[in-house]
Amino acid sequence: MGDKDLEIEETSPAQRKDQKGDEAKIEVRKVKKKKKSLKEAVKTEKRGVCHISRIPPRMDHVKLRQVLSQFGEIQRIYLVPEAAAAQMNRKRAGGFRGQAFSEGWVEFTKKSVAKRVANMLNGQQIGGRKRSAFYYDIWNVKYLSKIKWDDVTDEIAQRHAVREQKLALELSAAKRERDFYLTQVDKSRALNSIEERMKKKQKVQQESGEISDFLSEQFAPKVIRQFPQKKPVADEAGKIKPGLSKDVLAGVFGGQ
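Described in the following lines is the structure provided in the data block. If you're wondering where the values come from, they're calculated on a predicted model, not measured in any experiment.

**A short note on the overall build of the chain**
Working step 1: Scanning the chain from N- to C-terminus turns up eight helices and four strands.
Working step 2: Going from the N terminus to the C terminus, the chain shows its helices and strands as α-β-α-β-α-β-α-β-α-α-α-α.
Working step 3: Burial status across the chain gives 18% buried among its 256 residues.
Working step 4: A separation threshold of at least 6 residues defines the contact pool for the chain, and within that pool the share at least 24 residues apart is 65%.
Working step 5: Accessible surface for the chain amounts to roughly 21400 Å². Of this, 55% is attributable to carbon and sulfur atoms.

Structure representation (structure tokens):
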């Protein structure tokens with residue numbers, strides 16, 4: 001027992017040193033991570049976001065980065081894909097058959113660059129070579145003041161949520177209409193089959209000369225009973241009520 005106690009006493013300080021060393025390393029990592037996050041926050045505050053309300057056909061994020069990177073350093077780009085219905089209509093009309101985008105956001109490293117790009121390019125021709133597919137297109141760029149990339153992502157997520165909710169409502173409504181239509185179709189088929197069976201049965205019995213009372217009751221015309229109504233008493237009340245004599249009235253008013 002004594003040897004074991006000595007071993008425990010000898011190893012426990014080393015373990016404590018290791019624990020202290022691990023804690024120190026964790027603290028250093030936390031400090032470094034905090035400094036890094038602060039640096040990222042400072043960099044994010046210096047960045048500027050531009051909104052492009054129209055993306056020309058055949059332009060994707062790669063080509064957009066190539067065109068705009070000549071004006072300044074770009075961090076991130078997000079383009080909204082075109083709606084499925086609009087894409088289908090465009091393909092049917094014989095237009096561009098690839099993936100198109102409706103709008104997009106571009107994040108520049110500096111706010112000053114984003115403002116300058118928006119003021120310089122908005123309303124201007126994209127240009128480039130005349131053979132380029134974007135030569136005659138016009139820039140629609142706007143600088144978003146006090147808007148950060150996190151705000152853009154939140155807005156995009158909210159749009160997706162609203163779209164999913166609308167789709168769910170439309171699908172539920174379409175499902176209800178389909179179920180109602182199918183029930184009506186089943187009822188119609190059942191009634192038609194019953195009517196056909198009754199007609200066949202009646203035809204067979206007519207050919208054999210025997211018509212059942214059940215069929216005669218089924219196809220007999222319905223009798224609607226009518227009940228006479230009494231006249232209201234209020235119509236004859238004026239005739240039954242006796243009136244005052246003219247002599248009495250003359251005596252009352254003539255005396256005055």
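**Digging into the pattern of salt bridges**
Working step 1: If you walk through the whole model with that rule in mind, you get seven salt bridges.
Working step 2: Here Glu103 and Arg159 are joined by a salt bridge, their closest N and O atoms 2.3 Å apart. One end of the pair, Glu103, is in strand S3 (residues 101-108); the other, Arg159, is in helix H5 (residues 149-208), with 56 residues separating them in the sequence.
Working step 3: Residue class for Glu103 comes out buried when judged on its relative accessible area of 14%.
Working step 4: Given a relative accessible area of 37%, Arg159 falls into the partly exposed group.

**Side note on empty space enclosed by the protein**
Working step 1: The final tally for this structure, using the stated rule, is one cavity of 30 Å³ or more.
Working step 2: In this structure, the largest cavity encloses a volume near 30 Å³.
Working step 3: Lining the largest cavity are Cys50, Ile52, Leu68, Val106, Phe108, Val117, Trp139 and Val141.
Working step 4: When residues of the lining of the largest cavity are traced back to their parent elements, those giving at least two are strand S1 (48-52) and S3.
Working step 5: Grouping the amino acids of the lining of the largest cavity by side-chain chemistry returns eight nonpolar, no polar and no charged.

**Section: helix H4 (residues 111-121)**
Side chains of residues three or four places apart in an α-helix project in the same direction, reflecting 3.6 residues per turn.
Working step 1: Buried within H4 are the following residues: Val113, Ala114, Val117, Ala118 and Leu121. Angular distribution of buried residues about the axis of H4 spans 130 degrees; they occupy a single face of the element.
Working step 2: Elements in contact with the buried residues of H4: S1, helix H2 (61-68), S3 and strand S4 (141-144).
Working step 3: Of the residues one or two after H4, Gly123 is the one with positive phi, at around 80 degrees.

**Topic: the sheet that holds S1**
Working step 1: Strands sit in the order S2-S3-S1-S4 across an open sheet of four strands; the sheet is antiparallel. For this open sheet the edge positions go to strand S2 (74-81) and S4, each flanked by a neighbour on one side alone. Across the sheet, the mean angle separating the axes of adjacent strands is 20 degrees when strand polarity is ignored.
Working step 2: As paired elements, S1 and S4 share four bridges and run antiparallel to each other. Pairing of Val49 across the sheet is with Leu144, part of S4.
Working step 3: Those strands touched by H5 are S1, S2 and S3, and its axis lies near 155 degrees from that of S3.

**A look at the side chain of Glu107**
Working step 1: Secondary-structure assignment places Glu107 in strand S3.
Working step 2: Residue Glu107 is classed as buried on the basis of its relative accessible area of 1%.
Working step 3: At a separation of 2.7 Å, a polar atom in the side chain of Glu107 contacts the side chain of Arg76.
Working step 4: Excluding residues that lie within four positions of it along the chain, Glu107 makes contacts with Arg47, Gly48, Val49, Ile74, Gln75, Arg76 and Trp149.

Rules used throughout
- Residues numbered from 1 in each chain as written.
- Predicted model: local features only at pLDDT ≥ 70, side-chain atom pairs only at ≥ 80, totals over all residues.
- Heavy atoms only, no water.
- Helix = DSSP H or I, 4+ residues; strand = E, 2+ residues; numbered from the N terminus.
- Buried < 20%, exposed > 50% of the residue type's maximum accessible area, 1.4 Å probe, protein only.
- Contact = heavy atoms within 4.5 Å.
- Areas by Shrake-Rupley, 256 points an atom, 1.4 Å probe, with all protein chains shown as cover.
- Salt bridge = Lys/Arg side-chain N within 4 Å of Asp/Glu carboxyl O.
- 1 Å grid on protein atoms, 1.4 Å probe; cavity = no way out; pocket = protein on both sides within 12 Å on 5 of 7 lines; lining within 4 Å.
- Points joined across faces, edges and corners; volume = space filled by probe spheres on them.
- Nonpolar A, V, L, I, M, F, W, Y, C, P; charged D, E, K, R; others polar.
- Arc of directions from axis to C-beta.
- Pairing = 2+ DSSP bridges.
- Axes fitted to C-alpha atoms, helices over the stretch in contact; angles between N-to-C directions.
- Polar contact = N/O pair within 3.5 Å; in protein donor to acceptor, adjacent residues only side chain to side chain.

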